[in-house]
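Each chain, written out:
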Amino acid sequence: MYQKVVLKAIWPFDPYLSSMNSQNLPNPSTNRIDDLFARLKPLGRPAMIAYVTGGDPTLAATAKIAISLEKAGVDILELGIPFSDPLADGATIQDASGRALAAGASVHGIMELIREIRKTSQIPIVLFAYLNPVYIYGFDRFQADAVAAGADGLLLLDLPPQEAARNAELSKAHGTGLKSIRLIAPTTPPERLKEITDTAEGFIYYVSREGVTGEQASLSTDIAERVAAIRALTKVPVAVGFGISNPEQAATVASLADGVVVGSAIVRKIGEYGDIPELADKLADFVRPIAEAVHGTKH
C-alpha cells in the first residue's frame, strides 16, 4: 500500500498542426494552449485532449506515452499528478494513482517528466492536481517550477474559484504563465456559471455527467444545451469530458464542443498492458481512431 497523505484542503490529426507541435520548435509567443485553439478556430476543428496519470506505470514510460499520443493525433496532454485520495476519480484513475505512487512518482518527478517531454515536443500540457500535493509542495514553488519545466495550464480539481479568490496564494496562476483551467459540472447553478467563466483561462472543462471519472456506455443527453449556456458567457473554448471512450462518442461530442477529453479509457489500457516495451505504441493504436473521429468533425 502506498502512504496516504492526510491534509484537509478547502474544499491532430492535421499534418500542419502536428508539425507545429513537433520537436525543435521555440516556445510559443503566448501560451501553447491559446496558440493551439487560435490555430484550430479558423479550421473549424475541435481539439483532441488525452489524460494520463503521470508516473503510471513509470515516469519514463509516461514520457514515451506522451510523445506517442501526440503522434497519434492528441493535441493537448492532461497530465495527472498522482494523489493518494483522488476523490473525484473512479476506480480506474484511482488505481493509476496507486501504481504511480508505488513506482515512486512525486510532484518533483512530474516536473522532471515535463522537462523530458519538452526535449522533443511542444504539445500543450495541463497539470491536473488535487490541492493537497500542491499545498505540500508550496504554491509559489509549484507554479514557478511548473512554468520553468514547460507546463501550460493548471486545473486544481478540489479548489472552488471563490476559495481561490479569498486566498491570494491560491490565485497566483494568473499572470505566471499557467492558464487557470476551470471545471463546470451539470449541477453548476446559473448564478455560479458566471463566476467560473469570469476566471477561466485556456479552456473550460465541462464535466458531462455527475459522479466520478470513468467510461460510460452512453453520453449525457444535455451536452449541447449545457455547452451553449457556457458559451453564452465566455469566449474561452469549452472542452467536454467524463465517460468518452470510443470514436463514435468522441465524434458526437466533437460536433458540440471545442475539445474532447478522453481519460479513463486510456488509463484503463495502461493498467491492462502494464510496463511493456510496446506500451506507447499500443496506446497510440487505441487513441488514433478516436483522434481521427475528433479531427474529422468540423464546426
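Residues numbered from 1 in each chain as written. Predicted model: local features only at pLDDT ≥ 70, side-chain atom pairs only at ≥ 80, totals over all residues. Heavy atoms only, no water.

A. Local environment of the overall build of the protein chain. A count of helical and extended segments in the protein chain gives 13 helices and nine strands. The buried share of the protein chain, taken over its 299 residues, is 56%. Split by element, the accessible area of the protein chain, about 12,700 Å² in all, is 54% carbon and sulfur. (Helix = DSSP H or I, 4+ residues; strand = E, 2+ residues; numbered from the N terminus. Buried < 20%, exposed > 50% of the residue type's maximum accessible area, 1.4 Å probe, protein only. Areas by Shrake-Rupley, 256 points an atom, 1.4 Å probe, with all protein chains shown as cover.)

B. Summary view of helix α13 (residues 279–295). Under the 1.5 Å per step criterion, the end-to-end length of α13 is 24 Å for 17 residues, consistent within 8% with the ideal 24 Å. By the largest-angle criterion, Val287 marks the main kink of α13, which is about 35 degrees, and a proline, Pro289, follows within four residues. If you check which residues of α13 are buried, you get Leu279, Ala280, Leu283, Ala284, Phe286, Val287, Ile290, Ala291, Ala293, Val294 and His295. Residues of α13 that are buried make contact with β1 (47–53), α3 (59–71), α11 (247–254), β9 (259–262) and α12 (264–273). (Expected span 1.5 Å × (residues − 1). Bend = angle between axes of the 7 residues up to and from the residue. Contact = heavy atoms within 4.5 Å.)

C. Fine view of the pairing of strand β8 (residues 238–241). Every second residue of β8 is oriented toward a common face, with Val238 and Val240 on one face and Ala239 and Gly241 on the other, all of them buried. Examined bridge by bridge, strand β7 (residues 204–207) and β8 share four bridges and lie parallel to one another. From the neighbouring strand, Tyr205 faces β8, where its bridge partner is Ala239. When β8 meets β9, the two strands line up parallel, connected through two bridges. Paired with Val240 across the two strands is Val260, which belongs to β9. On the question of chirality, the crossover connecting β8 to the parallel β9 by way of α11 is right-handed. (Pairing = 2+ DSSP bridges. Right-handed = clockwise from strand over helix to strand, strands pointing away.)

D. Highlighting the pattern of salt bridges. For the coordinates displayed, the defined rule picks out 13 salt bridges. A salt bridge links Arg32 to Asp152, with the nearest nitrogen and oxygen atoms 2.6 Å apart. Of this pair, Arg32 sits in helix α2 (residues 32–40) while Asp152 sits in the loop between α7 (139–149) and β4 (153–156); the two residues are 120 residues apart in sequence, bridging distant segments of the chain. Each member of the pair Arg32 and Asp152 is classed as buried. Linking Asp56 and Arg99 is a salt bridge whose minimum nitrogen-to-oxygen distance equals 2.8 Å. (Salt bridge = Lys/Arg side-chain N within 4 Å of Asp/Glu carboxyl O.)

E. Examining the nonpolar core more closely. With 65 residues, the main nonpolar core has Leu69, Ile117, Leu127, Phe142 and Ile266 as its most contacted residues. At seven residues, the largest contribution of residues to this core is made by α13. Among all residues touching Ile117, those that are not within four sequence positions of it are Ala63, Ala66, Ile67, Leu77, Ile123 and Ile125. Of all hydrophobic cores here, the second largest spans 21 residues; its members include Ile49, Ile93, Ile181 and Val207. (Core = buried A, V, L, I, M, F, W, Y, C linked by side-chain atoms within 4.5 Å.)

F. Examining the packing of aromatic side chains more closely. Enumeration according to the criterion identifies seven aromatic pairs in this entry. Both rings, one in Tyr137 and one in Phe142, keep their centres 6.0 Å apart while their planes meet at 90 degrees; by these two values the pair is edge-to-face. A relative accessible area of 0% places Phe142 in the buried class. Relative to Phe242, the ring of Tyr205 lies with its centre 6.3 Å away and its plane at 90 degrees, an arrangement referred to as edge-to-face. Here Tyr205 is found in strand β7, whereas its partner Phe242 is found in the loop between β8 and α11, with 37 residues between them in sequence. (Phe/Tyr/Trp six-rings, centres within 6.5 Å; stacked < 30°, edge-to-face > 60°.)

G. Up close: the confidence of the model for the protein chain. With 83% of its residues at a pLDDT of at least 70, the protein chain reaches an overall mean of 85. Within the model, pLDDT remains below 50 along residues 1–28, and this stretch shows 71 contacts once partners closer than five positions in the same chain are excluded. (pLDDT = per-residue confidence, 0-100.)

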